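Chain residues, written in single-letter form:
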Amino acid sequence: MSRLDQLYRRLLLTKFFTKGWGKPDNLKRIFEFRKIMSDREQCRNLVPNDYPIHIDKEYPDGDCRILEGHFTSPFTHHLPGIMPKEVETATFQMILPKQWKDSKHKPMCIHLAGTGDHYFWRRRLLMAKPLLKESGIASILLENPYYGSRKPKGQLRSSLHNVSDLFVMGGALILESLALLHWCQNQGYGPLGLTGISMGGHMASLAATNWPEPVSLIPCLSWSTASVVFTQGVMSGAIPWKTLETQFFENSVYQDEISKMIVSPENYFGEQAYEMGQQFVKDFSSNYNKLQEFHHHHQLEAESPHPLESVAGEDSHSPSHIPDCGKTQTPEGALSMVQASIGGVPHTGGARISSPSLSPSSGSGDSLSLKHAMSKAKLSRSTPSITHLHHTKTDTLHHAVSKSQVSRSSSDSGSSSSSHTLQQEAVNFMMGVMDECTHLGNFSVPVDPRLIIIVAAQEDAYIPRRGVIPLTKLWPGSEMRYLANRGHIAAFLFHNDVFRKAIADSFNRQIKLHHHS
């Protein structure tokens, strides 16, 4: 993991989701609507082809023309009352050539904003203008909900107040992008594409899944789900976990109703991983004393800061520091390694595996039953894909929460152990809701994956990739490009030319495959 990413995040004081999960009723409405919106055939009926778009002004800017416009977000028609008033009006800026290089094609790419990218100037200077000059591709810069002119009163910079705000942002950008794509077609622009960096790349991916025609998609520095961002990446330290934990246990709706609505594509390997994990634990039974010696030997490491406050990749208890299969391991460590191997890649980052019930400081390790250890192992998940190990593909997070509550009530561990368990349940719920609304496995596959070029930083500490289903597996036929030995921040600061090259390549590919006539 990039040390620059870790240092940069430490210097920032910004906190996200300071008011908690959001109203339970809003979350339920969003989850229900996600089931509709993630189906391309149903989603195409949510935005009419002639959805009204208004151009407010046009003016020259050097060797290009700039148009500014607005429209009412279609999201307000389907989930009225969820958006703050300031968020309901979408604003955008277009960067057009004074004269098109090719009279047959007028390529147009929609750029969605990454975290902290307010207004239009950054995307205009670093991406849109150079892209127009280098490749003749025009751009639409859409302002994110909760950003710039759409920022609600009382919100500090990019600090979304609620977890549900992120889901509103994603749903709104999907429908707003569809409205703009329809409008572009009506205006004679094409071929069409979507791109973005970091969060913008993920939002572009979500929008592209619902467009009913071939479209270029270039997600830069993003991945298949946001769950890894907020639970494994360096952003996990910007989350007020105590607030989320308190709300989760004070309001039973989160556990009894909302958790039942969650579906995570990371269940695909669940049964196989759980069976292999059981075999690992069975093998440990004859060497239980060695397991205790292992924990005593690593007591100092166990007293390091809590995983939610540590930086991904630094913790000595992360899966990358667990001994190999020939040595004694914790049950949780075994399950983590099994899941990583099933996912096809070793896991080297993320929050460490906590095992309070097996810790020497708990005072209850000698009397801990193997059954209870297995229960704890099932609860713990250091990689996103270890969620719901004992579930089928259609099971929800509710069963995991119920099992963890039973495990907690049967434990004789001290308050420290209980606190760790409560925190783990809040983290599990966070992973579940993020997978439900942002996991691209819950959405349709873009019409032509050959037009997708994914650009990732090899050492990205903001967007961990290990342990979850990769984009190339969700979208067979897509192309993957890596920035070697680069983290998130360095890639954003110094490699916009790589992103623009990927955009140009995807548009050229679309012309060759679908617009050659």
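Bear in mind that the values here come from a model prediction, so they are computed numbers and not experimental data. (Residues numbered from 1 in each chain as written. Predicted model: local features only at pLDDT ≥ 70, side-chain atom pairs only at ≥ 80, totals over all residues. Heavy atoms only, no water.)

Asks: Which parts of the structure should I look at to understand the environment of Ala207?
Replies: Along the chain, Ala207 falls in helix α7 (residues 199-209). On the basis of relative accessibility, which here comes to 0%, the residue Ala207 falls in the buried class. Sequence-wise, Ala207 and Leu217 are 10 residues apart; in three dimensions their C-alpha atoms are separated by 9.5 Å. Residue contacts for Ala207: discarding those within four places in its chain leaves Leu173, Ile174, Ser177, Leu178 and Leu194. (Helix = DSSP H or I, 4+ residues; strand = E, 2+ residues; numbered from the N terminus. Buried < 20%, exposed > 50% of the residue type's maximum accessible area, 1.4 Å probe, protein only. Contact = heavy atoms within 4.5 Å.)

Asks: I tried to follow the side chain of Asp448 on my own but got confused; where do I start?
Replies: Among the structural elements, Asp448 can be located in the loop between α17 (415-438) and β8 (453-457). A polar atom in the side chain of Asp448 sits 2.7 Å from the side chain of His514. Apart from residues no more than four positions distant in its own chain, Asp448 is found in contact with Pro214, Leu513 and His514. (Polar contact = N/O pair within 3.5 Å; in protein donor to acceptor, adjacent residues only side chain to side chain.)

Asks: How should I be thinking about the state of the cysteines in this particular structure?
Replies: Disulfides are covalent bonds that connect the sulfur atoms of two cysteines. Tallying each qualifying case throughout the model produces zero disulfides. Residue Cys220 stays outside any disulfide, its sulfur separated by 9.2 Å from that of Cys109, the closest cysteine. Classification of Cys220 as buried rests on a relative accessible area of 0%. (Disulfide = S-S within 2.5 Å.)

Asks: What is the right way to read the packing of aromatic side chains from this model?
Replies: The geometry of two aromatic rings is summed up by the distance between their centres and the angle between their planes. With the rule as written, the count across this model stands at 14 aromatic pairs. Centroid distance Phe71 to Phe92: 6.1 Å. Interplanar angle 50°. Geometry classified as tilted. Taken together, the positions of Phe71 in strand β2 (residues 64-72) and Phe92 in strand β3 (residues 89-97) put the pair 21 residues apart, joining distant regions of the chain. Exposure class is identical for Phe71 and Phe92. Each is buried. One aromatic cluster is present, formed by Tyr51, Phe71, Phe92, Trp100, Trp183 and Tyr189 through successive ring pairs. (Phe/Tyr/Trp six-rings, centres within 6.5 Å; stacked < 30°, edge-to-face > 60°.)

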